[in-house]
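Observations on the three-dimensional arrangement
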Amino acid sequence: MASVVAAPLTRRRKELRRHALIYAGVAPFVVLAVFPIYWMLITAFKQDPDLYRMDHFPFWFNLAPTLRNFKILFYQTNYGSWIWNTFTISFWVAIITLLTAVPAGYALARLRLPGAENTGIAIFMTYLVPPIILFLPLSRVVAELGLQDSWMSLVLVYPTFTVPFCTWLMMGFFKTVPMEIEEAARVDGCGQAGAFLRVILPISLPGVLTSVIFAFTLSMQDFLYGLAFVSPGDQKPVPVGVPTELIRGDIYYWGSLMGAALLVGLPVAILYNFFLDRFIQGITGGIGK
Amino acid sequence: MTGSSLGGGPDSGVRVAAVPAPARRLAVRRWRTQGSQRLMFGYALLAPAALYVLLLVGAPFLFSLYLAVSDANVGDPVARFVGLENFRSAWEMDTFWIALQNSVLFLVIAAVLKSALGTSLAFLLLQDFRGKKLVRGLVVIPFTLPIAISVLSWKWMYDSQFSVINWVLSRLGLIGQFGTEGWPIWLGDPKLALAACIMVNVWRTFPFSAIVLLAGFTSVPSEVLDAAKVDGCNFFQRFRNIVVPMIAPILLIGFLFDTVFTLSDLSVVYLLTQGGPGNATKILPVLAYQVGIQAGNLGRGAAIALFLVPLLAPALVLVLRNLKRREY
């Protein structure tokens, strides 16, 4: 009788011990990953006198939390315009990316063009040409087009990395759509374009949406292009404006700086989080499986 | 629309059944032979993306080769051909050699650290436990947060006086008081600054290593492992002879991507130290930016950036070979 009761108990205890060990192992990683973000969060809501003291416990509020840092941000800086610029840039980058990458991905995956596979790889490889090599020549292109010092220059250059990546992504995506669906559409009287627009595109909506998300999140990862091409304070996107405009000489407004960074950074990070597996699949080439 | 057509197979089957079978076969055959029309359509769809990439990546890349052999600068748009002068003068700059050395040091140390952290994390995430999804979601935040934004947090944590890292270390009794010799000034001390920058890169990319490794592990079919187990292979044999060869291509690709991004990234160092103090954290991208944009010497800046190509080329070739072997 006793042994019957004891058996599940030990199993449960074993399971508990296993969990405890795993949590103990995972905890340092979680702390390492999250602490800088927590530190930004709490800094953003602290009053200045609370920030610049070393004699008391810094991980919690010693003075009442405040929204003053955010007020400074919206009333005394161009933060509002940076948010607006970020969204406008992302919107146009997404449009350009969709109009180019989706048809190209379809053509390369499905229309049996000669050398399609190699063309696809060649386009994808351009994703790996680093901005640091391209930004000097591109600064000339931007100047020739009269786009320097305007957020529109970033609309022009961000697709240099979103188009290759999303073409590759869509290529993998379209390969998973069964050929029969397309054949059926053709038999039912759809033309070549009709089959693509009316049958394939609607069922590929998840892939298309993924591309939109990447056009947005990858644009947010840029710093160099924004730094090199856009210098007027009101034309910058958030990731460029915050570090370049909110730091004046050696004076740091840490509270506002952290608030500005988090307000946009955190939503982007969370959005990207959901699509991270797609990103990894995309670059490791496992997407077609 | 999406709802009904997502179940494309049966749905289209019903519609197709309305067409008599021979007519259907005929129609399919006719579609397959419409070669030239299909090609035209295909090239038309491909053209916008191909043009964008050619005009804004291909052409600028060639243009940067041209800039590198010209004396182009910001003030004087008419450039003259100067041969390899820019490369030679870069070669003779002391700063260039320091930057090259720092770049390689940065890359290697960061790679070792992020592999170690990433591998341990991947093994932990391979286990089944409660709250795994949440843990995974939290640990990847460094990688998904826009880089310029997360660097700011580190800049604040490395503050010369109010550094939270120092607060902890000092409470633990590991360092001295503020104002004394024992108080590390992370970004101001030439001996610490590069390590501080590497730390940020490692923090940002170790989740990437872990997730790539995890993707590799889960791609190994459990049947194969079970079969090997039945055949009497022990854990290490299974790991060495099955898991490692199977995940090697994925690991290689992840590793190469990271190499390209780490070598060419300027934001971490630029935002933390701008390459200083002195030249302690100067890496090639920062030098290229400072020479090309801030000093306005486009030609020499382009030449310095192009020195990255021989460093990156092996990585690019390996990626290419791996992608070509990709199966669908």
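Residues numbered from 1 in each chain as written. Chains lettered and ligands numbered in written order. Predicted model: local features only at pLDDT ≥ 70, side-chain atom pairs only at ≥ 80, totals over all residues.

1. Here we look at the domain arrangement of chain A
All names here are of chain A. In terms of domain boundaries, chain A breaks down into domain 1 (2-66) and domain 2 (75-284). One C-alpha centre belongs to domain 1, the other to domain 2, and the line joining them spans 35 Å. At the interface, seven residues of domain 1 touch six residues of domain 2. For the side of domain 1 that touches domain 2, the elements supplying multiple residues, two or more each, are α1 (2-44) and α2 (48-51). Sort the elements by how many residues they give to the side of domain 1 that touches domain 2 and α1 lands first, with four residues. Residue composition of the side of domain 1 that touches domain 2, grouped by class: four nonpolar, one polar and two charged. (Domains from an automatic or database assignment. Contact = placed C-beta atoms within 7 Å. Helix = DSSP H or I, 4+ residues; strand = E, 2+ residues; numbered from the N terminus. Nonpolar A, V, L, I, M, F, W, Y, C, P; charged D, E, K, R; others polar.)

2. Brief notes about the packing of helix α5 (residues 116-125) of chain A against helix α8 (residues 159-175) of chain A
All names here are of chain A. Two elements in contact, α5 and α8, have axes separated by 7 Å at closest approach and are oriented at 145°. Judged by the sense of rotation from one axis to the other, the crossing of α5 with α8 is left-handed. Across from Gly120, Ile123 and Phe124 in α5, the residues of α8 making contact are Pro164, Thr167, Trp168 and Met171. Tallied by class, residues from the contact of α5 with α8 come to five nonpolar, two polar and no charged. (Axes fitted to C-alpha atoms, helices over the stretch in contact; angles between N-to-C directions. Left-handed = near helix turned anticlockwise from the far one by under 90°.)

3. Quick notes on the confidence of the model for chain B
Reading predicted coordinates in detail is not appropriate for stretches of low pLDDT. All names here are of chain B. Here chain B averages 82 in pLDDT, while 87% of its residues score no lower than 70. A low-confidence stretch, residues 1-17 (pLDDT under 50), is modelled with 23 contacts involving residues beyond four sequence positions or located in other chains. The ipTM for the predicted assembly is 0.85, set against a pTM of 0.84. (pLDDT = per-residue confidence, 0-100.)

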